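Chains, contacts and geometry: an overview
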Amino acid sequence: MDLWNYLKQTKKPIVLYGMGNGADKIISVLNRYGIKVSGVFASDGFVREKYFHGFKVTDYKTAKEAFGDMVVLVCFGSGLPDVITNIKKIAAEQELYAPDVPVYGDILFNEQYARDNKEQLESVYNRLADETSKRVFENAVMYKLTGKTDYLFDCETLPQEIYENILYLSEDEVYFDLGAYRGDTVEEFLSVVSCYKKIIAVEPDFKTYNKLCVATEKVRDITNINACVSDVDGEIEFEMNGSRGSTIGKGKDIIDSVTVDSLSKIAVPSYIKMDIEGAEVAAIKGGAHTITNYKPKMQIASYHRSEDLFLIPKEVLKICPDYKIYLRHFPSLPCWDMSYYFV
């Protein structure tokens, strides 16, 4: 039984922890299943006499006094240690889940979806290059089905392990940072390599792009590009909101669209990082020539859409079937900061 069907039959009051877009999506799914919410609470600094979906937002202590033994649904994402510690404290007292809802798209990874895609999931699992990857994959599937946070806590790794055991970056790297945000992943790259050939950093959101330019002002041999990465060169609709949640393919803004293959005319990449808010599959297709001819190392985010878990490796292997594939999850809830590595 998946989480949603379990929640449909539980007799305990269901209380949301958190507000915002994540809670909106979870409420939408709960409504689809006919599941009633009893209340909402937030961390102490976010209460402030607020109302959310008709519920007065309280703190955890007040919610506990009102509902006693309850089911708590975590409705936000975080990788901050103090936030995770607080979630674990609540989980020690209450039945707690962090429901998996896709960042983009409306395909829910429930029991039926897992059955329908069993063959594709098994095909990817059997191609994974090490036991750690297989454990991450198994735990990710179980987490998505059950919402149980221990599955994620049990398969965490730290970024340093990637560089030590998988990527092995050299002093000759040409790094494509696709979805460079404010320069945090450029900074991470620079912390690992003391010497490199070239960095190309692409960020579509204009406000965020300006922050990227400021953050990388003193970085040598870097080209910053204000565009989205897709499967075509041209223009595309885009919704700018100055955050990681900016969306390609809808919105009132029109921005430039570039492909990996066109970026490779500036410099041939040896290492590509893609974290582009659900446009990863399109970007892979737009890099077919580069992937086929140069086989760059790649880190590709695999948590934006439910189908990413099997579709991203499927698309890469369709282009270049001899990649070794690794899967890692960095500390965070829900199943964010999970990426495939192709080497």
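Details of the structure are given in the entry above.
This section reports on the structure supplied with the text. Because the structure is predicted, anything quoted here is derived from the model rather than measured.

What about the overall build of the protein chain?
Along the protein chain, the regular secondary structure elements total 15 helices and 17 strands. In terms of C-alpha radius of gyration, the protein chain reaches 21 Å, essentially the compact-globule figure of 20 Å for 343 residues. The buried share of the protein chain, taken over its 343 residues, is 55%. The contacts of the protein chain with a sequence gap of at least 6 include a subset with a gap of at least 24, amounting to 67%.

Remarks on the pattern of salt bridges
Evaluated as defined, the whole model comprises twelve salt bridges. We note a salt bridge from Glu-122 to Lys-118, for which the minimum N-O separation is 2.7 Å. One end of the pair, Glu-122, and the other, Lys-118, are both in helix α6 (residues 118-127), four residues apart, so they sit about a helical turn from each other. Classification of Lys-118 as partly exposed rests on a relative accessible area of 47%. We note a salt bridge from Asp-177 to Lys-273, for which the minimum N-O separation is 2.7 Å. Taken together, the residues span a long stretch of sequence, with Asp-177 in strand β7 (residues 174-178) and Lys-273 in strand β14 (residues 271-274) at a distance of 96 residues. Three or more residues joined by partner-sharing salt bridges are found here, namely Lys-12, Asp-69 and Glu-95.

So, the sheet that holds strand β16 (residues 325-329)
Taken together, the seven strands give an open sheet; going across it, the order is β9-β8-β7-β14-β15-β17-β16, and neighbouring strands pair in mixed fashion. This sheet does not close on itself; its edge strands, each paired only once, are β9 (222-225) and β16. The average undirected angle you get between the axes of adjacent strands in this sheet is 15°. Across four bridges, strand β15 (residues 297-301) lies against strand β17 (residues 338-342) in antiparallel orientation. In the sheet register, Ala-301 faces β17, and the bridge partner there is Ser-339.

Some points on the packing of α6 against helix α7 (residues 131-146)
For the pair α6 and α7, interaxial distance at closest approach is 9 Å and the crossing angle is 155°. Here α7 runs roughly antiparallel to α6, going by the angle between their axes. Within the contact between the two elements, α6 uses Leu-121, Val-124 and Tyr-125 and α7 uses Lys-134, Phe-137 and Glu-138. Looking at the contact of α6 with α7 residue by residue, the classes come out as four nonpolar, no polar and two charged.

Description of helix α10 (residues 184-192)
Among the residues of α10, Thr-185, Val-186 and Phe-189 are the ones counted as buried. When α10 is viewed along its axis, its buried side chains cluster within an angular range of 110° and face the same direction. Facing away from the buried side of α10 by over 90 degrees, the exposed positions are Glu-187 and Ser-191. If you follow the buried residues of α10, they end up packed against β7, β8 (198-202), β9 and β14.

Quick word on the environment of Val-316
Looking at the secondary structure, you find Val-316 in helix α15 (residues 308-319). Distance in space between the C-alpha atoms of Val-316 and Ala-23 is 33 Å, their sequence separation being 293 residues. If near-sequence neighbours (up to four positions away) are discounted, Val-316 is found in contact with Ile-284, Met-298, Ile-300, Tyr-323 and Phe-342.

Let's talk about the nonpolar core
In terms of nonpolar packing, the biggest core is built from 66 residues, with Phe-137, Leu-178, Leu-309, Tyr-340 and Phe-342 touching the most fellow members. Ranked by residue count, the leading element in this core is α15, at seven residues. Membership of the second largest hydrophobic core comes to 23 residues, among which are Ile-14, Ile-27, Val-40 and Cys-75.

Comments concerning the environment of Gly-287
Relative to the assigned elements, Gly-287 resides in the loop between α13 (280-285) and α14 (288-294). In sequence terms Gly-287 and Pro-204 are 83 residues apart; their C-alpha atoms lie 18 Å from each other. Look past the residues within four positions of Gly-287 in its chain and what remains in contact with it is Val-260 and Asp-261.

Observations regarding helix α11 (residues 206-215)
Residues of α11 that are buried include every one of Thr-208, Tyr-209 and Leu-212, and no others. The buried side chains of α11 occupy one side of the element, clustering within an arc of 105° when seen end-on. Exposed residues on α11 whose side chains face more than 90 degrees from its buried face are Lys-207 and Val-214. For α11, the secondary structure elements touched by its buried residues are β8 and β9. Looking at where α11 begins, the residue whose side-chain oxygen comes 3.2 Å from the main-chain nitrogen of Lys-207 is Asp-205.

Here we look at the pairing of β14
Both faces of β14 are covered, namely the face carrying Tyr-271 and Lys-273 and the face carrying Ile-272 and Met-274. Relative to β14, β7 runs parallel, the two being bridged by four bridges. Residue pairing for β14: Leu-178 is matched across the bridge by Met-274. In the sheet, β14 pairs with β15 via four bridges, with the strands oriented parallel. By the bridge assignment for β15, Lys-273 is matched with Gln-299.

Definitions and cut-offs
Residues numbered from 1 in each chain as written. Predicted model: local features only at pLDDT ≥ 70, side-chain atom pairs only at ≥ 80, totals over all residues. Heavy atoms only, no water. Helix = DSSP H or I, 4+ residues; strand = E, 2+ residues; numbered from the N terminus. Rg over C-alpha atoms; globule rule 2.2 N^0.38 Å. Buried < 20%, exposed > 50% of the residue type's maximum accessible area, 1.4 Å probe, protein only. Contact = heavy atoms within 4.5 Å. Salt bridge = Lys/Arg side-chain N within 4 Å of Asp/Glu carboxyl O. Pairing = 2+ DSSP bridges. Axes fitted to C-alpha atoms, helices over the stretch in contact; angles between N-to-C directions. Parallel < 35°, antiparallel > 145°, perpendicular 65-115°, else oblique. Nonpolar A, V, L, I, M, F, W, Y, C, P; charged D, E, K, R; others polar. Arc of directions from axis to C-beta. Core = buried A, V, L, I, M, F, W, Y, C linked by side-chain atoms within 4.5 Å. Polar contact = N/O pair within 3.5 Å; in protein donor to acceptor, adjacent residues only side chain to side chain.

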